[in-house]
Amino acid sequence: MAVTRPAPRPVPAALPTGPGPGRGSGSGSGSGAVVPGPRRAVAHRYAALPPPLEVALAALRLEALLGDPRDAANPYGLPALTTGSITGRAGGVGGAGEDRAGLLAAAGLGRIRAADQLVRALRPVLRRDVALGHACAAAAGPCPVPAALLGPAALLAATGTVLRQAARIVAGRCHGEPALRQWRPVLATVFADLLACESLTSVALRRPAGPASGALLPAVAGYVVPTVVADVLAQLDLVLTECGHGPAGLEGRMLAKLAGDLPAAGVDAAAAGSWQTHLVRALPALAQSPGPQHTALPALFRLAAPDPDPDPAPDPAADPVSGTGPRPASGSGPGSAVTAAAPGANRQHGQHGQHGQHGLDGLDGLDGESGGGDGVVLSGLSRAAVRPAGGDPDRAALAGVARRLLSEQRALRRPCRAAGLDGPDGPAVRALADRQALLWLAAAVLGVQEAADEGRGLFLGGPHWALLALSGITERLGVPLPAPAADPREQVWAELAGRVRHGVDCDIYATRVLW
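Below, the structure is looked at part by part. (Residues numbered from 1 in each chain as written. Predicted model: local features only at pLDDT ≥ 70, side-chain atom pairs only at ≥ 80, totals over all residues. Heavy atoms only, no water.)

1. Here we look at the packing of aromatic side chains
Next, step 1: Scanning the model with the defined rule gives one aromatic pair in all.
Next, step 2: A centroid spacing of 6.0 Å and a plane angle of 0° characterise the contact between Phe 191 and Phe 459, whose relative ring orientation is stacked. Of this pair, Phe 191 sits in helix H8 (residues 184-205) while Phe 459 sits in the loop between helix H18 (427-452) and helix H19 (464-477); the two residues are 268 residues apart in sequence, bridging distant segments of the chain.
Next, step 3: Since its relative accessible area comes to 0%, Phe 191 is described here as buried. (Phe/Tyr/Trp six-rings, centres within 6.5 Å; stacked < 30°, edge-to-face > 60°. Helix = DSSP H or I, 4+ residues; strand = E, 2+ residues; numbered from the N terminus. Buried < 20%, exposed > 50% of the residue type's maximum accessible area, 1.4 Å probe, protein only.)

2. Regarding the pattern of salt bridges
Next, step 1: Within the structure shown, the criterion is met by 19 salt bridges.
Next, step 2: Residues Arg 70 and Asp 68 are paired through a salt bridge, measuring 3.3 Å at the closest nitrogen-oxygen approach.
Next, step 3: In the salt-bridge network here, residues are joined through shared partners; they are Glu 63, Arg 123, Arg 127, Glu 198 and Asp 505. (Salt bridge = Lys/Arg side-chain N within 4 Å of Asp/Glu carboxyl O.)

3. Some details on the environment of Arg 501
Next, step 1: One can find Arg 501 in helix H20 (residues 489-501).
Next, step 2: Each C-alpha atom, one on Arg 501 and one on Ala 167, is 9.6 Å from the other, the two residues being 334 residues apart in sequence.

4. Details of H18
Next, step 1: Look at H18: 38 Å from first C-alpha to last across 26 residues, which is about the 38 Å you get at 1.5 Å a residue.
Next, step 2: The buried fraction of H18 is high, at 21 of 26 residues. (Expected span 1.5 Å × (residues − 1).)

5. Section: the nonpolar core
Next, step 1: In this structure, Leu 109, Leu 163, Leu 187, Trp 465, Leu 470 and Leu 496 are the most contacted members of the largest nonpolar core, which totals 153 residues.
Next, step 2: The leading source of residues in this core is H18, at 16 residues.
Next, step 3: Non-local contacts of Leu 496, meaning those with residues more than four positions away in its chain, are made with Leu 163, Ala 167, Leu 187, Phe 191 and Cys 506. (Core = buried A, V, L, I, M, F, W, Y, C linked by side-chain atoms within 4.5 Å. Contact = heavy atoms within 4.5 Å.)

6. Considering helix H5 (residues 115-126)
Next, step 1: Under the 1.5 Å per step criterion, the end-to-end length of H5 is only 14 Å for 12 residues, more than 12% shorter than the ideal 16 Å.
Next, step 2: By the criterion of burial, H5 is predominantly enclosed, with 12 of the 12 residues buried.
Next, step 3: When H5 is considered as a whole, its buried residues turn out to be Ala 115, Asp 116, Gln 117, Leu 118, Val 119, Arg 120, Ala 121, Leu 122, Arg 123, Pro 124, Val 125 and Leu 126.

7. Quick word on the packing of helix H16 (residues 393-411) against H19
Axes are the key here: two packed helices are described by the angle between their axes and the distance separating the axes.
Next, step 1: Taken N-terminus to C-terminus, the directions of H16 and H19 make an angle of 30°; their axes are 10 Å apart at the nearest point. Judged by the inter-axis angle, H16 sits roughly parallel to H19. Crossing hand, H16 versus H19: left-handed. Seen from H16, the contacting residues are Asp 394, Ala 397, Leu 398, Val 401 and Leu 405; seen from H19, they are His 464, Ala 466, Leu 467, Leu 470, Thr 474 and Leu 477.
Next, step 2: Considering only residue class, the contact of H16 with H19 consists of eight nonpolar, two polar and one charged. (Axes fitted to C-alpha atoms, helices over the stretch in contact; angles between N-to-C directions. Parallel < 35°, antiparallel > 145°, perpendicular 65-115°, else oblique. Left-handed = near helix turned anticlockwise from the far one by under 90°. Nonpolar A, V, L, I, M, F, W, Y, C, P; charged D, E, K, R; others polar.)

Okay, here's the thing in structure tokens:
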């Protein structure tokens, strides 16, 4: 079936000439079309944390090919994606598989080998629809993105779209309707939670491929992201309903569609529970201590830098979790390799082994001290605890929270190393796994914030979003904050409102959107 697209229309300006997004408490301003000029400037104007040029161009091409998301006649638009009878099914989204593969090929995604950069290039698809992102990945052929991380990445991108819709509504009406201002801190907290989850997912995507890396980071992300985003979606539902955008409207349909697609994407509660079971088996590795070799900031946290150990090419026989080693076949023909690796694909193809229904086969050896190099992420905690604040009370508060969380991580080492006597389903060991996973999330937040804090005035390098994200983590842990700090929600809301106003995504990179 041929891809039906709306009539050609002028592509809106995408790369502004003014200040870049994500700087200070706002997102920059100004607009301008893409014009011939120094090619290096394109990527820097595309995002506050710029990708390689070919990644920025591929993402822009893909977004242009997908068309205006608000156009009701566009099969890849939000109205069509949220009204079709495709909930929970990847196969019928946006045309036939060859059409979806043709989109990705035309955009130039086949030349991108690094997992984190491929996810950035796929973001225009992922933020429209979880099932559409899943279907495109299945149609694309061998893919370097581990299945354990593709689902969380798609979930975060699609949830970010709902957040932008909600923020646009609140920001546009709160001046005339002061009662709506009560939702600004709620949306700021949602924004910080999504940035925290994307910090973890992005760091996990940058981990070097290979058995030496272990598989802890993908497992932590597979558990934490669906768990945190479940609360985020509930908050967004509340805000949209109270603003008069209930289930019948576009935003309500987006939420319902997203919730219906979670099982197929491998990011529902059942999938999170399976990941938690594997984390229970890995408790001794989760409790490891960052050694002296992690005194320098690990390259995993530098999201705009080249991958620490880029994989030269995707392996069609790669493990669905770690990206290495064999995996069972899941069909034949074009795209079958990625179909096997895609989140929830094993369930769809009828492979219902002990862990295969969530793409967990590659974690069968995840126990004892097998965490490998993934434990380097914990250096985010230890480094933040001793970072000088330079007289900044917000950075001092950040260091104080880091010290409190580091103390919690140390206190959990002994029970984690002795865990497992009551089996993987015991409430005590599952609670330990939950706490350790949250500490790894906090470590990723602190590491990413430190890496971005290089004097360029980036929002990601500031303390406010990290403080707000960590306050949510400490609340989940039941760990009291060391001292009251200034409420960062107003600064975080200002950044979110500025991004919505200037056409910037609410992702970790502050990426400009085309439409």
